[in-house]
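Each chain, letter by letter, is given below.
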Amino acid sequence: MSFRSSGADEGRRRLNTWQAIRADVLARIRSGEWAPGALIPTEQALSVEMGCARATVNRALRELADSGIIQRRRKVGTRVSATPSRRTVLSLPVIRDEVEALGARYGYQMTDWVSCLPSAAAMRALQVDGAQMLVLIKSRYLADDRPHCCEAIWLNPQALDLPDLQDFHDEPPQEWLARTLPVTQSRFSIMAEGATGSCAVNLGVTPGTPVMVIERVNTLGGLPVSFTRQFYPPMHRLVLGE
């Protein structure tokens, strides 16, 4: 004769990876179960509920905190970010404004788009797993017919009601986001790396040439919906102002 437990244990979920726990927490935030500003259960409580190690829950919550979706404080607990816009570094920028501020003639070309699995950087920025299909759009921007910037933007079609992608031949995705949705910029990073592939071609530089890279994460209702990498040719000057 065999025995098995019954009652609450039968309905207990078992989520064995931090990615699965992260997805579960995000789903509860999106559904409104955990509203902005609300405290969420402790790591210990979540580990019991989900049938996993506390360290696994900790990893998932750290990822969400790094993205600004939740806020963690010792002796206080973990809350859903109530005012994600406070993390905004700049208002949502559009490159058209950069070019026109130089007194130059603006130009835009969408060079490629594809529905594909995310890169490691896009997975982390958008808090998705490696099996979720995203939309990647590549573009270049011109100033007086000279390369000003090239761009690769990842969009999450599960979080955005995207238009026909052919529309992005005429309007850059970043402009569409700024025009149609109350998105905010929650992360802004600057780095240098060597130009490769289509980036080198679109900027008209030799592969390996150091270029300035700006990464931006845009959020909608506190949740990340787009991840952009913008590449600028050598000698580009970035000016931050009011």
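Residues numbered from 1 in each chain as written. Predicted model: local features only at pLDDT ≥ 70, side-chain atom pairs only at ≥ 80, totals over all residues. Heavy atoms only, no water.

## Details of the nonpolar core
As a reminder of what qualifies: By nonpolar core we mean a set of buried residues, namely Ala, Val, Leu, Ile, Met, Phe, Trp, Tyr and Cys, connected to one another through side-chain atoms within 4.5 Å. Each residue is assigned to one of three classes by its accessible area relative to the maximum for its type, calculated with a 1.4 Å probe on protein chains only: buried under 20%, partly exposed between the two thresholds, exposed over 50%. Numbering of helices and strands starts at the N terminus; helices are DSSP runs of H or I of at least 4 residues and strands are runs of E of at least 2. By definition, residues are in contact when any of their heavy atoms lie within 4.5 Å.
Counting residues in each nonpolar core, the largest one holds 25 residues, and the members touching the most others are Ile137, Leu155, Leu162, Phe168 and Leu177. If you list the elements that add at least two residues to this core, you get helix 5 (95-101), strand 3 (106-116), strand 4 (134-143), strand 5 (146-155), helix 7 (173-180), strand 7 (210-220) and strand 8 (223-232). It is strand 4 that contributes the most residues to this core, four residues altogether. Non-local contacts of Leu155, meaning those with residues more than four positions away in its chain, are made with Leu134, Val135, Ile137, Leu160, Leu162, Phe168, Pro173, Leu177, Val225 and Ser226. By size, the runner-up hydrophobic cluster in this structure holds 18 residues, among which are Trp34, Cys52, Leu64 and Ile69.

## Let's talk about the side chain of Arg229
To be explicit about the condition: As used in this structure description, the phrase polar contact means that two N or O atoms lie within 3.5 Å; if the pair is within protein, one of them must be able to donate a hydrogen and the other to accept it, and residues adjacent in sequence are counted only when both atoms belong to side chains.
Tracing the backbone through its elements, the reader meets Arg229 in strand 8. A polar contact of 2.8 Å, which involves the side chain of Arg229, links it to the side chain of Glu215. When neighbours within four sequence positions are excluded, Arg229 is seen to be in contact with Cys150, Glu151, Ala152, Met191, Glu193, Val213, Ile214 and Glu215.

## Some words on helix 4 (residues 54-66)
Test applied: By definition here, a helix of n residues has an expected span of 1.5 Å times n minus one. In this description, the arc belongs to the directions extending from the helix axis to the C-beta atoms.
For helix 4, built from 13 residues, the straight-helix expectation of 18 Å at 1.5 Å per residue is met to within 8% by its first-to-last C-alpha distance of 18 Å. Considered for burial, the residues of helix 4 that qualify are Thr56, Val57, Ala60, Leu61, Glu63 and Leu64. The arc enclosing the buried residues of helix 4, seen along the axis, measures out at 155 degrees, which places them on a common side. At its buried positions, helix 4 is contacted by helix 2 (18-31), helix 3 (43-50), strand 1 (70-73) and helix 6 (120-126). Following helix 4 by one or two positions, Gly68 has its phi on the positive side, about 80 degrees.

## Comments concerning the layout of surface pockets
Test applied: The pocket and cavity definitions rest on a 1 Å grid over protein atoms only: a 1.4 Å probe that fits but cannot leave marks a cavity, an open set with protein on both sides within 12 Å along at least five of seven lines marks a pocket, and residues lining either have an atom within 4 Å of a point. Grid points are joined across faces, edges and corners, and a volume is the space filled by probe spheres set on the points. Each residue gets one of three labels, nonpolar for Ala, Val, Leu, Ile, Met, Phe, Trp, Tyr, Cys and Pro, charged for Asp, Glu, Lys and Arg, and polar for the others, Gly among them.
The computed volume of the second largest pocket comes to approximately 310 Å³. Forming the boundary of the second largest pocket are 20 residues, of which Lys138, Ala152, Cys199, Arg229 and Phe231 lie nearest the centre. Contributing elements (two or more residues each) for the lining of the second largest pocket: strand 4, strand 5, strand 6 (184-194), helix 8 (197-203) and strand 8. Class assignment of the residues belonging to the lining of the second largest pocket gives a composition of nine nonpolar, seven polar and four charged.

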